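Remarks on the overall topology
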Amino acid sequence: ISILMNCLYESGKLKLASARKEAVRLFAQVAAVHSRLFLPHAAKVVANILKRFKDSESVVLDACAETLGLIAEITAPLYGNPSSEGAGVSCFV
C-alpha cells in the first residue's frame, strides 16, 4: 500500500485535471478497501488533499471535498467508539 500511496501523493503534478481528480478519488477507494492498512497514512493523505485545494480546477476541488468526507466517514469507526462525538477526527488534528 505504501508504493500506491506514494504514487498518489505525486499525482498532484499531473497536467490533466481529470487525472488529478481521479487520483484524489483513489485515496477514498484505498481507504474503503484497505481501511486498516490506510490508517497509518491517513494524516499524510489529508495533508496532501488539503494542498490540492489550491488547484484552479473546480472538478479537483470538488473531488477533494468529497474525498475528505468519505475518508472521515470510513476511518471514524476505526478510532474508538463510533458513536462518540468527534471519533476519528483526532488523528487529523
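Rules of the game
Residues numbered from 1 in each chain as written. Predicted model: local features only at pLDDT ≥ 70, side-chain atom pairs only at ≥ 80, totals over all residues. Heavy atoms only, no water. Core = buried A, V, L, I, M, F, W, Y, C linked by side-chain atoms within 4.5 Å. Buried < 20%, exposed > 50% of the residue type's maximum accessible area, 1.4 Å probe, protein only. Helix = DSSP H or I, 4+ residues; strand = E, 2+ residues; numbered from the N terminus. Contact = heavy atoms within 4.5 Å. Polar contact = N/O pair within 3.5 Å; in protein donor to acceptor, adjacent residues only side chain to side chain. Salt bridge = Lys/Arg side-chain N within 4 Å of Asp/Glu carboxyl O. Arc of directions from axis to C-beta. 1 Å grid on protein atoms, 1.4 Å probe; cavity = no way out; pocket = protein on both sides within 12 Å on 5 of 7 lines; lining within 4 Å. Points joined across faces, edges and corners; volume = space filled by probe spheres on them. Nonpolar A, V, L, I, M, F, W, Y, C, P; charged D, E, K, R; others polar.

In terms of nonpolar packing, the biggest core is built from 17 residues, with M5, F27, F38, V45, I49 and I71 touching the most fellow members. For this core, the secondary structure elements donating two or more residues are α1 (2–10), α2 (17–33), α4 (42–51) and α5 (58–75). At six residues, α2 tops the list of elements feeding residues into this core. With near-sequence residues (within four places) excluded, I49 lies in contact with F27, C64, T67, L68 and I71.

The next subject is the side chain of T67. By secondary structure assignment, the location of T67 is in helix α5. Of the residues examined, T67 reaches a relative accessible area of 1% and is grouped as buried. One polar contact links the side chain of T67 to the main-chain carbonyl oxygen of A63, over a distance of 2.7 Å. If we skip the residues at most four places from it in the chain, T67 touches V24, R25, F27, A28 and I49.

If you trace the backbone, D55 turns up in the loop between α4 and α5. D55 gets classed as buried once you look at its relative accessible area, which sits at 18%. A polar contact is formed between the side chain of D55 and the side chain of R20, at a distance of 2.7 Å. When sequence neighbours within four positions are dropped, the list of residues in contact with D55 reads R20, V60 and L61.

What follows deals with the pattern of salt bridges. If you walk through the whole model with that rule in mind, you get four salt bridges. With a closest N to O distance of 3.3 Å, K21 and E22 form a salt bridge. Linking R25 and E22 is a salt bridge whose minimum nitrogen-to-oxygen distance equals 3.4 Å. Here the residue R25 and the residue E22 both occupy positions in helix α2, the gap between them amounting to three residues, near one helical turn. Accessibility expressed as a relative area gives 35% for R25, which makes it partly exposed. Connected via shared salt-bridge partners are K21, E22 and R25.

Restricting attention to buried positions, one finds in α1 the residues M5, L8 and Y9. Looking straight down α1, one finds that the buried residues subtend no more than 105 degrees of arc, so they occupy a single side. Close packing links the buried residues of α1 with α2, α3 (35–38) and α4.

If a probe as big as a water molecule is rolled over the atoms, it shows which places are left empty. Put simply, the largest pocket is a space of about 190 Å³. What lines the largest pocket is simply Y9, E10, G12, K13, K44, A47, N48, K51, R52, K54 and D55. Elements that contribute at least two residues to the lining of the largest pocket include exactly α1 and α4. Examining the composition of the lining of the largest pocket, we find that four residues originate from one element, α4, more than from any other. For the lining of the largest pocket, the class distribution of residues is two nonpolar, two polar and seven charged.

Note that all results are geometric; they support no functional claim without further evidence.
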